Amino acid sequence: MPEASPDAGALCDVAGLKVGHFTHPSVPTGCSVVLCEAGATAGVDVRGAAPGTRDLELLRPENTVQQVHAILLTGGSAFGLAAADGVMRWLAERGHGFRVGQVRVPIVPAAVLFDLWRHGAQTAPDAAAGRAACDAASADERSRGRIGAGTGATVGKLLGVERSMPGGLGMASVRIGGVTLSAMVAVNAVGDVVDPRGGEVIAGSRGADGRPRSTVQALLDGERPGGALQGSATTIGVIATDARLTKAQATKLAQIAHDGLARAIHPVHTVMDGDVMFALATGAADVDGDMTLLGGVAAEVVARAIVDAVRVQSR
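Quick summary incoming for the structure in this document. (Residues numbered from 1 in each chain as written. Predicted model: local features only at pLDDT ≥ 70, side-chain atom pairs only at ≥ 80, totals over all residues. Heavy atoms only, no water.)

With that out of the way, let us pick up the sheet that holds strand E17 (residues 265–266). Two modes of strand pairing occur in sheets, parallel and antiparallel, and in both the strands are linked by backbone hydrogen bonds. Taken in spatial order, the three strands line up as E15-E14-E17 in an open sheet, and their pairing is antiparallel. The sheet is open, and its two edges are formed by strand E15 (201–203) and E17, each paired on a single side. In this sheet, E17 lies alongside strand E14 (residues 192–194) in antiparallel orientation, the contact comprising two bridges. Pairing of aspartate 192 across the sheet is with histidine 266, part of E17. (Pairing = 2+ DSSP bridges. Helix = DSSP H or I, 4+ residues; strand = E, 2+ residues; numbered from the N terminus.)

This is the structure in C-alpha cells:
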C-alpha cells in the first residue's frame with residue numbers, strides 16, 4: 001500500500017501544483033497527473049531509447065505555446081497515452097487551456113512506462129483513468145509507493161524479469177535560496193536503484209539468495225542479459241519549482257535532472273528504457289529562478305525521489 005512520508009517532501013510543496021493518482025483496482029497499473037490549471041512554464045528532456053510520449057514538440061523553446069496545464073505520467077505503454085484525453089476534457093470543462101479563437105485547448109504533455117507484462121493492453125489506463133486522477137488531485141497529495149503511474153513499476157530487469165523487485169513512485173523536495181525545488185518520479189527501470197551516497201544496491205536484480213545485487217557487476221562477471229523486451233521499462237518524472245523560468249531554462253532544468261537518474265539508477269538510459277523528465281515552473285514565488293542554484297541541486301532532488309520510490313516499499 002502507498003504510504004505518506006512527509007519528511008522526504010512532495011511535489012506539491014511547489015505552490016501552484018496539484019497531484020492526483022488513478023490506481024487500477026485489480027491489476028498493477030495506473031496513472032498520475034500533475035495539474036497546473038493556471039498554467040506553468042515547461043520543458044522536457046528524453047534520454048531513454050524507447051520513449052512513449054505525447055505533445056513534447058510543444059515544449060521546444062522556439063515553439064508558440066508558452067505554458068502547459070497538466071503533465072501526465074502513466075503506465076500501460078503507448079495505450080496509456082489515452083489517459084491524456086480524460087485530463088484534457090477535465091481541464092476544458094473547467095475553462096482551462098490555450099486560447100484558440102473561442103476555444104480553449106488544454107496542453108497536456110504525457111509520457112508512459114511499460115508495465116503491460118504485468119496486466120495487458122485491455123487494462124491500460126484510458127480517458128476515464130485520466131479523469132479519475134484529476135478528480136483525485138489535491139495540493140496536499142503526499143502518497144508514494146505503488147500508486148498511480150508507479151503501481152506496476154519494477155526495477156532490476158536486465159538479467160530477467162523473474163529477478164526484478166518492486167519499483168514505485170517517489171518524491172522529494174528542498175527549500176533553497178528562497179524557492180522550492182521538488183521532484184516526483186515513477187521508477188520502472190531496467191537497471192538497479194542504488195544509494196548515491198555509497199553505491200549500495202537498494203532494489204534491483206535478485207541473486208540466488210533473493211537479495212538485490214549489482215547488475216553491472218554481474219555483467220562484468222560474464223552474465224548475459226535475460227532477454228528483457230525493448231521498451232519494457234522506463235523511468236519518467238517531473239521536477240518543479242515555484243521560481244519563474246523561461247522555456248529554455250525549464251528545458252535545461254529537465255536536462256540536468258537526468259543526472260539524478262544517472263546517480264541513482266545503474267545502468268540507466270538503456271535501449272530498453274524510455275526515460276523522460278519534465279520540468280515545471282509555476283512562478284508562484286514571484287522571483288526569477290537562479291539556474292546556477294537550481295541546476296546545482298536538481299540532480300540531488302531527483303536522486304532522492306528515486307530512492308524514495310523503492311525505500312517506501314519497506315517502510
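On we go from here.
In terms of burial, strand E16 (residues 236–241) is a largely internal element, six of the six residues being buried. Side-chain alternation along E16 places Ile236, Val238 and Ala240 on one buried face and Gly237, Ile239 and Thr241 on a second face that is also buried. Pairing geometry for strand E13 (residues 179–187) and E16, over six bridges, is antiparallel. Note on E16: the bridge partner recorded for methionine 184 is valine 238. (Buried < 20%, exposed > 50% of the residue type's maximum accessible area, 1.4 Å probe, protein only.)

Ranked by size, the top nonpolar core spans 39 residues in total, and within it Val155, Leu181, Val187, Ile239, Leu253, Val302 and Ile306 carry the most contacts. Looking at this core, the elements that each hand over two or more residues are strand E12 (168–176), E13, E15, helix H4 (247–264), strand E18 (276–281) and helix H5 (291–311). With 12 residues, H5 is the single largest residue contributor to this core. When sequence neighbours within four positions are dropped, the list of residues in contact with leucine 181 reads Ala172, Ser173, Val174, Ile239, Ala240, Thr241, Leu253, Leu294, Val297, Ala298 and Val301. Listed in part, the 32 residues of the second largest apolar core include Val34, Leu56, Met171 and Leu280. (Core = buried A, V, L, I, M, F, W, Y, C linked by side-chain atoms within 4.5 Å. Contact = heavy atoms within 4.5 Å.)

For strand E3 (residues 30–46), the buried fraction is high: 15 of the 17 residues fall into the buried class. The sheet contact formed by strand E2 (residues 18–23) and E3 spans six bridges and is antiparallel. Paired with phenylalanine 22 across the bridge in E3 is cysteine 31. As consecutive antiparallel partners, E2 and E3 are separated by six residues. Bridge count between E3 and strand E5 (residues 68–74): six bridges; the pairing is antiparallel. When the sheet's bridge partners are listed, leucine 35 is paired in E5 with alanine 70.

All right, on to the environment of threonine 23 then. Relative to the helices and strands, threonine 23 is located in strand E2. For threonine 23, a relative accessible area of 33% puts it in the partly exposed group. In the structure, threonine 23 is positioned 119 residues away from arginine 142 in sequence and 15 Å away in space, judged by C-alpha atoms.

Looking at the element boundaries, alanine 183 is found in strand E13. Take alanine 183: its relative accessible area is 0%, and that puts it in the buried class. Aside from chain neighbours lying at most four places away, what touches alanine 183 is Leu11, Gly170, Met171, Ala172, Val238, Ile239, Val301, Val302 and Ala305.

Here the residue pair histidine 266 and proline 267 is connected by a cis peptide bond, since its omega of -15 degrees sits within 30 degrees of zero. Assignment of secondary structure puts proline 267 in the loop between E17 and E18. A positive phi angle is found at aspartate 55, which is not glycine, with a value near 60 degrees. Inspection of the secondary structure assignment puts aspartate 55 in the loop between strand E4 (53–54) and E5. Overall, the relative accessible area of 32% leaves aspartate 55 in the partly exposed class. Backbone geometry places aspartate 286, a non-glycine residue, at a positive phi of 60 degrees. Within the fold, aspartate 286 resides in the loop between E18 and H5. For aspartate 286, a relative accessible area of 56% translates into the label exposed.

Right, let's talk about the side chain of threonine 215 for a bit. Along the chain, threonine 215 turns up in helix H3 (residues 215–220). Those residues in contact with threonine 215 that sit more than four places away from it in its chain are Leu158, Leu159, Asp192, Ser205 and Pro267.

Further remarks concern the pattern of salt bridges. Under the definition given, this model contains 18 salt bridges. Of the charged contacts in the structure, one is a salt bridge between aspartate 13 and arginine 142, with a shortest N-O distance of 3.0 Å. Note that aspartate 13 is positioned in the loop between strand E1 (3–4) and E2 and arginine 142 in the loop between helix H2 (127–135) and strand E9 (143–144), a separation of 129 residues in sequence. A relative accessible area of 29% means that aspartate 13 is categorised as partly exposed. Residue arginine 244 pairs with aspartate 286 through a salt bridge whose shortest N-O separation is 2.6 Å. (Salt bridge = Lys/Arg side-chain N within 4 Å of Asp/Glu carboxyl O.)

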